[in-house]
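Structural overview for review
One letter stands for each residue in the lines below.
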Amino acid sequence: MDKPEFYQRLAEILDVEEVKPEDVLKEFDGWDSLAILSVLAMADAKYGVSIKAEEIRSVVSAQNLANLVEAKHKPE
Amino acid sequence: MKLIFHRKRIAGTLVVVPANERSFAADMKNFNFPKSRSLKLKEVMGFDKRRVVGPDVCVSDLAVFGLEHLFERGWLKREEIDALIVVTQTPDYLIPETSCVIHGRLGLKRDMLSLSLSQACTGYLIGLIQGFMLLDQESIKKVVLVNSDVLSRKVSSQDRNIYPLVGDACSITVLERDTEGSVVHAIVRVDGSRSGALMIPAGGMRQPHTSETAKLEDVGDGNWRAREHLFMDGAAIFNFVQTEVPPLIESLLEHAGAPMDSVDFFLCHQPNRFMLEKLADKIKIPRAKMPNDVVGHFGNNSGATIPTVMAFNLGERLLREKLRVCLAGFGAGLTWAGMLLNIGKFDFNTIIEYK
């Protein structure tokens, strides 16, 4: 999985310039229910990965999220 | 589960919506929530206007109003109704069931069947399935399917997750036998183990009403809700729809031996625009084939959203021509179902206002 590309997609959802791996998701103003749905949709559409709502709520940093998607992602 | 019905048709559908309209932008001002985020929600989810009843309006009020409209217009005769099915989760009373209440108020004949079903956003499909089964009886020639909820009365006005998007409506659909050799394919599925994702925990027999269950509780993010209010885990529902509905539609088309491009329209339950766009993308159909703007005009009115799409998006067309459509409903239960059929040449297909 291309991690920089994932962080860029996350930045677009959160409406910010850049997301760093160590950034804490809850500290973004844009991290709300819509952002969570957008991440679920992005993971599904771009990586073919289905994340559960509980899983996404338990992650802290952007890196945790990237790792979660990567762990489920099976390259074609 | 695969189902199949022969020689059954929808004769027409009428949707009754309350005249009272609320706006998303105005409702969101009551919450401590940044305006920029509200605007983004409006833009992405498509929330805008919605129709809600006053504090004392019940399902039978909307249904009686609509049925009398059909009698006045001559679109249905009182004595023709052989079965009345009411699908609702917001009944007038615990006892008797709402179909009997409507029967009594309209003075319908005694020699008929009255039935109520407790189903949520899949309710329209479950009602159609029940109606088509009843039409196999020789003595049942016309079935009236009422699918209605007044859910705005069961959501907390201080719960930002649900209050600004719920609407009320009543759909009335007339079902009859078809002289043409039509075939209806359907698939129904259920997963009761996930019932907690959409639920009103208190007010039934498990947790009867007390002053405690009616008390607003702080549920986080500045939202307040009582146990008698509707709870929805939005992210879990989104996941459910994206995971379960595409394979359902695929199985349905396979069951019917119909290719995806033979379907003119996919008329789905209408939770919000975002979910429906993602659903259309996932099953790889043009977004224009899956209308998604009911929520922005009427709100999410539970099972009645599917007949609302028929009347709002395809109103005139369905009076003139026949279209091949795939219906899909999904919601509390959890339940989800799909139906592939030809609809059209309706006797009536319109939306009226309840004042």
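Re the overall build of chain A
- Looking only at helices and strands, one finds four helices and zero strands in chain A.
- Here the C-alpha radius of gyration of chain A, 11 Å, is about what a compact globule of 76 residues would show, namely 11 Å.
- Considered along the principal axes of its C-alpha atoms, chain A spans approximately 35 × 25 × 20 Å.
- A separation of at least 24 residues holds for 56% of the contacts in chain A among residues at least 6 apart in sequence.

Some details on the environment of B:A26
- Within the element layout of this structure, B:A26 appears in helix α1 (residues 24–28).
- Residues B:A26 and B:K49, spaced 23 residues apart in sequence, show a C-alpha to C-alpha distance of 9.9 Å.

Topic: the sheet that holds strand β9 (residues 183–190) of chain B
Residues and elements named next belong to chain B.
- Read across the open sheet, the five strands follow the order β1-β9-β16-β15-β14; overall the sheet is mixed. Lying at the two open borders of the sheet, with one neighbouring strand each, are β1 (2–6) and β14 (265–268). Each neighbouring strand pair of the sheet contributes to a mean axis angle of 20°, computed without reference to strand direction.
- Across four bridges, β14 lies against strand β15 (residues 322–331) in parallel orientation. Within β15, the residue paired with F266 across the bridge is C326.

Overview of the interface of chain B and chain A
- Counting residues at the interface gives 16 residues for chain B, matched by 13 residues for chain A.
- Sorting the residues of the side of chain B that touches chain A by element identifies α2 (35–45), α6 (234–256) and α7 (273–282) of chain B as the ones contributing at least two each.
- Of the residues belonging to the side of chain B that touches chain A, the class tally is six nonpolar, five polar and five charged.

Notes on the environment of B:K8
All names here are of chain B.
- Here K8 is to be found in strand β2 (residues 8–18).
- For K8, a count of 21 C-beta atoms within 10 Å puts it in the buried group.
- Taking the C-alpha atoms as reference points, K8 and L175, separated by 167 residues in sequence, lie 7.3 Å from one another.
- Those residues in contact with K8, other than ones at most four positions away along the chain, are F132, L135, L175, R177, D178, S182 and V184.

Here's the deal with the sheet that holds strand β7 (residues 142–149) of chain B
All names here are of chain B.
- The six strands lie next to each other as β6-β5-β7-β8-β2-β17, forming an open sheet whose pairing is mixed. Across the chains shown, the open sheet's two edge strands, defined by having one partner strand only, are β6 (113–117) and β17 (348–354). Averaged over all pairs of adjacent strands, the angle between their axes in this sheet comes to 15°, without regard to strand direction.
- Direction of pairing for strand β5 (residues 83–87) relative to β6: parallel, over a ladder of five bridges. Note that in β6 the partner of I85 across the bridge is L115.
- Lying over the sheet, helix α3 (residues 59–73) contacts β2, β7, β8 (169–177) and β17, oriented at roughly 50° with respect to β8.

A few points about the pairing of β6(B)
- Taking every second residue as pointing to the same face, the buried face of β6(B) carries B:S114 and B:S116, while none of B:L113, B:L115 and B:L117 on the other face is buried.
- A crossover links β5(B) with its parallel partner β6(B), the connecting element being helix α4 (residues 98–106) of chain B, and its sense is right-handed.

Comments concerning helix α4 (residues 62–72) of chain A
Residues and elements named next belong to chain A.
- The set of residues buried in α4 consists of A62, L65 and V69. Summarising the axial view, the buried residues of α4 lie within an arc of 65°, below the 170-degree limit, and thus occupy one face.
- Turning to α4, the residues buried within the fold contact α1 (3–14) and α2 (33–47).

Observations regarding the environment of A:K3
- Structurally, the position occupied by A:K3 is in helix α1.
- Linking A:K3 and A:V39, residues 36 residues apart in sequence, is a C-alpha distance of 15 Å.

Overview of the domain arrangement of chain B
All names here are of chain B.
- Looking at chain B, the domain boundaries give domain 1 (2–182) and domain 2 (184–346).
- Taking only C-alpha atoms, the centre of domain 1 and the centre of domain 2 are 14 Å apart.
- With 54 residues of domain 1 in contact, the opposing surface of domain 2 contributes 51 residues.
- Secondary-structure elements contributing two or more residues to the side of domain 1 that touches domain 2 are β1, β2, α2, β4 (49–51), α5 (123–134), β7 and β8.
- Partitioning the side of domain 1 that touches domain 2 into residue classes produces 27 nonpolar, 16 polar and eleven charged.

Structural notes on the packing of α1(A) against α2(A)
All names here are of chain A.
- Between α1 and α2, the shortest axis-to-axis distance is 10 Å and the interhelical angle comes to 145°. α2 is crossed by α1, and the crossing has right-handed handedness. For the pair α1 and α2, the contacting residues are R9, I13 and L14 in the first and A35, S38, V39, M42 and K46 in the second.
- Of the residues assigned to the contact of α1 with α2, the class counts are five nonpolar, one polar and two charged.

Definitions and cut-offs
- Residues numbered from 1 in each chain as written.
- Chains lettered and ligands numbered in written order.
- Predicted model: local features only at pLDDT ≥ 70, side-chain atom pairs only at ≥ 80, totals over all residues.
- Helix = DSSP H or I, 4+ residues; strand = E, 2+ residues; numbered from the N terminus.
- Rg over C-alpha atoms; globule rule 2.2 N^0.38 Å.
- Contact = placed C-beta atoms within 7 Å.
- Pairing = 2+ DSSP bridges.
- Axes fitted to C-alpha atoms, helices over the stretch in contact; angles between N-to-C directions.
- Nonpolar A, V, L, I, M, F, W, Y, C, P; charged D, E, K, R; others polar.
- Buried ≥ 20, exposed ≤ 12 C-beta atoms within 10 Å, placed from the backbone.
- Right-handed = clockwise from strand over helix to strand, strands pointing away.
- Arc of directions from axis to C-beta.
- Domains from an automatic or database assignment.
- Left-handed = near helix turned anticlockwise from the far one by under 90°.

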